[in-house]
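# Descriptive analysis of the structure
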Amino acid sequence: MAGRLLARVITGGEPRWAPLHDRRRLNPWREAPALVRFQSEVARHLVGDWTGVPSIPDDQDLGRGEGTMVRFRGHRVAVCREREGGPHTAGARCAHLGCPVHFNDAEESWDCPCHGSRFAPDGTVLQGPATRPLEPLDIPPPDR
Ligand code: FES
């Protein structure tokens with residue numbers, strides 16, 4: 001599209017759709033409140049994700065195909081139990097830039113909301129941009 005637009009501008013014509021690509025179509029002052037609102041929401045989620053992590057209660061029962069993030073001995077731990085397989089624990093910090101991962105019940109994966117990395121229940125990388133697995137933690141998973 002950019003090539004076609006540039007060719008038309010150079011040859012003297014301007015296509016109907018040219019205004020869609022005009023860099024002046026965005027008004028920073030008009031867009032600023034929405035941008036600030038959006039970024040505040042992102043910051044609120046990020047802080048909330050890290051501060052609202054519960055400790056492991058003694059009677060925590062994690063069903064098959066479920067996962068959650070908990071605090072354990074000062075670590076934020078991603079804990080899950082596969083539908084067909086064992087329980088797993090790993091660091092809850094994404095190996096890309098450190099955002100907290102969330103368990104995706106439908107896919108049985110740990111998903112990072114920041115840039116879209118996905119990890120298997122055991123923390124291995126399914127999809128980048130992360131290239132390393134979730135931090136392995138030497139914490140025994142719940143035995144059930
Ligand atoms: Fe998780 Fe970037 S921080 S994908």
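Described in the following lines is the structure provided in the data block. In this text the structure is predicted, and so the values were computed from the model without any measurement.

### Some words on the overall build of the protein chain
The helix and strand inventory of the protein chain stands at two helices and seven strands. When the helices and strands of the protein chain are listed from N to C terminus, the series reads α-α-β-β-β-β-β-β-β. For the protein chain, with 144 residues in total, the buried portion stands at 28%. Long-range pairs, those at least 24 residues apart, make up 33% of the contacts in the protein chain between residues at least 6 apart in sequence. When the accessible surface of the protein chain is totalled, it reaches about 9,900 Å², and 54% of it is carbon and sulfur.

### A look at the pairing of strand E3 (residues 87-91)
Of all five residues in E3, four are buried, a share of seventy percent or more. Pairing geometry for strand E2 (residues 75-81) and E3, over five bridges, is antiparallel. Within the sheet, the bridge partner assigned to Val77 lies in E3 and is Gly91. The turn joining E2 and E3, which pair antiparallel and follow one another in sequence, is formed by five residues; a positive phi near 155 degrees is taken by Gly85.

### Comments concerning the pairing of E2
Burial analysis of E2 places five of its seven residues in the buried class, the great majority of the element. Linkage of strand E1 (residues 66-72) to E2, two consecutive antiparallel strands, is achieved through a turn of two residues, within which Arg73 is found at a positive phi near 50 degrees.

### Observations concerning the sheet that holds strand E4 (residues 102-104)
In sheet architecture, strand pairing relies on hydrogen bonds along the backbone and comes in two forms, parallel and antiparallel. Spatially, E4-E5-E6-E7 is the arrangement adopted by the four strands of the open sheet, whose pairing is antiparallel. Edge positions in the sheet fall to E4 and strand E7 (125-127), since each of these pairs with one other strand and no more. Where strand E5 (residues 109-111) meets strand E6 (residues 118-119), two bridges bridge the pair, whose relative direction is antiparallel. In the strand pairing of E6, Trp110 is matched with Phe119.

What counts and what doesn't
- Residues numbered from 1 in each chain as written.
- Predicted model: local features only at pLDDT ≥ 70, side-chain atom pairs only at ≥ 80, totals over all residues.
- Heavy atoms only, no water.
- Helix = DSSP H or I, 4+ residues; strand = E, 2+ residues; numbered from the N terminus.
- Buried < 20%, exposed > 50% of the residue type's maximum accessible area, 1.4 Å probe, protein only.
- Contact = heavy atoms within 4.5 Å.
- Areas by Shrake-Rupley, 256 points an atom, 1.4 Å probe, with all protein chains shown as cover.
- Pairing = 2+ DSSP bridges.

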